[in-house]
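Residue-level structural notes
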Amino acid sequence: EAGVVQSPRYKIIEKKQPVAFWCNPISGHNTLYWYLQNLGQGPELLIRYENEEAVDDSQLPKDRFSAERLKGVDSTLKIQPAELGDSAVYLCASSSSGLKQFFGPGTRLTVL
Amino acid sequence: AQTVTQSQPEMSVQEAETVTLSCTYDTSENNYYLFWYKQPPSRQMILVIRQEAYKQQNATENRFSVNFQKAAKSFSLKISDSQLGDTAMYFCAFMKLNDYKLSFGAGTTVTVRA
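Residues numbered from 1 in each chain as written. Chains lettered and ligands numbered in written order. Predicted model: local features only at pLDDT ≥ 70, side-chain atom pairs only at ≥ 80, totals over all residues. Heavy atoms only, no water.

Let us look at the overall build of chain B. The helix and strand tally for chain B stands at zero helices and twelve strands. Each helix and strand of chain B, ordered N terminal to C terminal, gives the series β-β-β-β-β-β-β-β-β-β-β-β. Computed over C-alpha atoms, the radius of gyration of chain B comes to 13 Å, within 12% of the 13 Å expected from 2.2 N^0.38 for 114 residues, which places it in the range of a compact globule. Along the first, second and third principal axes, the C-alpha set of chain B runs to 40 × 25 × 20 Å. When burial is assessed residue by residue, chain B has 46% of its 114 residues classed as buried. (Helix = DSSP H or I, 4+ residues; strand = E, 2+ residues; numbered from the N terminus. Rg over C-alpha atoms; globule rule 2.2 N^0.38 Å. Buried < 20%, exposed > 50% of the residue type's maximum accessible area, 1.4 Å probe, protein only.)

Here is the structure:
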């Protein structure tokens, strides 16, 4: 069984540029999560989807971050414009039951 | 909001020995779940063990076991017979019942020495 796929693995951009991350969850998993992990810290939830509906986006900075999960399968997280403080690892996870979340390898973003 | 505290930033253990990681949490909920996740240098988070708060019996998974003290709001992880592959960052996490949102601690870096 394929795991959660994320791309790219690494991204370096200059501040004020846009950036997008892609996630393909495990087949059949209805729930998809995006987490932000700052260096030396635990992940923090940005947004949770149940199928194509965002059911918890309270932690998503909506002035510059957006996400979509069209057709309830893969998802894209976008930042526009990126700031220096956005440098972090962006993790995607999926689950079928909620109790066991399967994580992808993450995208490490560096904003210069 | 729930807070999860891991007071040990780093731990080092000799191969084949035992190491215990501490975790405390703060919640007003009575029913919830607690987790330990492992994050190796490859960055992929892997679930190590899960504990349901309504269960008194401590969860075990092979060499991994927990000591769950509900009244003290403590949830420690014991790694027995440590192996080199156990080297990773370990995160304690909390989830309210039916919430499906994980709240993580800051993590403990475990290094297993040969």
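More follows now that the structure is in view.
Moving on: the side chain of Thr 107 of chain A. Positionally, Thr 107 of chain A belongs in strand 11 (residues 107-111). A polar atom in the side chain of Thr 107 of chain A sits 2.5 Å from the backbone oxygen of Pro 8 of chain A. Beyond its immediate sequence surroundings of up to four residues, Thr 107 of chain A is in contact with Gln 6, Ser 7, Pro 8, Arg 9, Phe 21, Ala 88, Val 89 and Tyr 90 of chain A together with Arg 43 of chain B. (Polar contact = N/O pair within 3.5 Å; in protein donor to acceptor, adjacent residues only side chain to side chain. Contact = heavy atoms within 4.5 Å.)

With that out of the way, let us pick up the nonpolar core. Residue and element names in this part refer to chain B. Ranked by size, the top nonpolar core spans 25 residues in total, and within it Tyr 25, Trp 36, Phe 75, Leu 77 and Tyr 90 carry the most contacts. Broken down by secondary-structure element, the contributors of at least two residues to this core are strand 3 (19-21), strand 5 (32-39), strand 6 (46-52), strand 8 (64-69), strand 9 (74-79), strand 10 (88-96) and strand 12 (108-113). Here the element with the most residues in this core is strand 10; it accounts for four residues. When residues no more than four places from it in sequence are discounted, the contact partners of Phe 75 are Leu 21, Cys 23, Tyr 25, Leu 34, Phe 35, Trp 36, Gln 51, Val 66, Asn 67, Phe 68 and Cys 92. (Core = buried A, V, L, I, M, F, W, Y, C linked by side-chain atoms within 4.5 Å.)

Turning our eyes to something else, we now look at the pairing of strand 6 of chain B. Residues and elements named next belong to chain B. The pairing of strand 5 with strand 6 spans six bridges and is classified as antiparallel. Bridged to Lys 38 within strand 6 is Ile 46. The loop that links strand 5 with its antiparallel partner strand 6 comprises six residues; one of these, Arg 43, has a positive phi angle of about 80°. (Pairing = 2+ DSSP bridges.)

Attention shifts here to the interface of chain A and chain B. Note: interface size is frequently given as the accessible area lost on complex formation between the parts. Between chain A and chain B, the residue contacts involve 26 residues of the former and 20 residues of the latter. Ranking the residues of chain A by area buried against chain B places Pro 43, Leu 99 and Phe 103 of chain A at the top, with a combined share of 32%. Inspection of the region where chain A meets chain B yields zero salt bridges. Linking chain A with chain B are eight residue pairs in polar contact (both at pLDDT 80 or more). Put simply, the parts of the chain that give the side of chain A that touches chain B at least two residues each are strand 4 (31-37), strand 5 (44-50), strand 9 (88-95) and strand 11 of chain A. Among the elements that line the side of chain A that touches chain B, the one with the most residues is strand 4 of chain A, at three residues. Residues belonging to the side of chain A that touches chain B are distributed by class as follows: ten nonpolar, eleven polar and five charged. (Buried area = accessible area lost by both parts, 1.4 Å probe. Salt bridge = Lys/Arg side-chain N within 4 Å of Asp/Glu carboxyl O. Nonpolar A, V, L, I, M, F, W, Y, C, P; charged D, E, K, R; others polar.)

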